[in-house]
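Per-entry structural report
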Amino acid sequence: MELKAILSYLACPSCHGDLSIEGEDHPSALLCANCHLRYPIQDGIPLLLASEAQAIDTQPKE
Ligand SMILES: [Zn+2]
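Rules and cut-offs
- Residues numbered from 1 in each chain as written.
- Predicted model: local features only at pLDDT ≥ 70, side-chain atom pairs only at ≥ 80, totals over all residues.
- Helix = DSSP H or I, 4+ residues; strand = E, 2+ residues; numbered from the N terminus.
- Rg over C-alpha atoms; globule rule 2.2 N^0.38 Å.
- Buried ≥ 20, exposed ≤ 12 C-beta atoms within 10 Å, placed from the backbone.
- Contact = placed C-beta atoms within 7 Å.
- pLDDT = per-residue confidence, 0-100.
- Pairing = 2+ DSSP bridges.

Some words on the overall build of the protein chain
Secondary structure summary: the protein chain contains 1 helix and 5 strands in total. The helix and strand sequence of the protein chain, counted from the amino end, reads α-β-β-β-β-β. The C-alpha radius of gyration of the protein chain comes to 11 Å, within 12% of the 11 Å expected for a compact globule of 62 residues. With respect to the principal axes defined by its C-alpha atoms, the protein chain has extents near 40 × 25 × 20 Å. By the burial criterion, 13% of the 62 residues in the protein chain qualify as buried. Contacts spanning at least 24 positions in sequence make up 14% of the contacts within the protein chain whose residues lie at least 6 apart.

The structure is reproduced here in structure tokens:
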């Protein structure tokens, strides 16, 4: 099943907000814009676990 198709069933485990895909052709993570967390996708399977979440660096690049 395509990731975009299952995305509508998934929610951020932290805030239950909508998730977006990082990487159009080769999805590498799901992003929560609401709480700025990044959930890695491993072997096509999103790891929607608080313990796997990484904080998104929102600082502008120099
Ligand atoms: Zn969230």
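Focus on the confidence of the model for the protein chain
Averaged over all residues, the pLDDT of the protein chain is 90; the fraction at 70 or higher stands at 98%. When pLDDT is averaged over each helix and strand of the protein chain, the minimum, 87, is found for helix 1 (residues 3-7) and the maximum, 96, for strand 2 (residues 29-32).

A few points about the environment of Leu49
By secondary structure assignment, the location of Leu49 is in the loop between strand 4 (45-46) and strand 5 (54-55). For the pair Leu49 and Glu22, spaced 27 residues apart in the sequence, the C-alpha separation amounts to 17 Å.

What to know about the pairing of strand 2
Here strand 1 (residues 19-22) pairs with strand 2 via 4 bridges, running antiparallel. Along strand 2, the bridge assignment pairs Leu19 with Cys32. In this antiparallel pair of consecutive strands, strand 1 and strand 2, the connection spans 6 residues, and Gly23 shows a positive phi of 90 degrees. Inspection of the sheet shows strand 2 paired to strand 3 (residues 37-42) by 4 bridges, in the antiparallel sense. Within the sheet, the bridge partner assigned to Cys32 lies in strand 3 and is Leu37.

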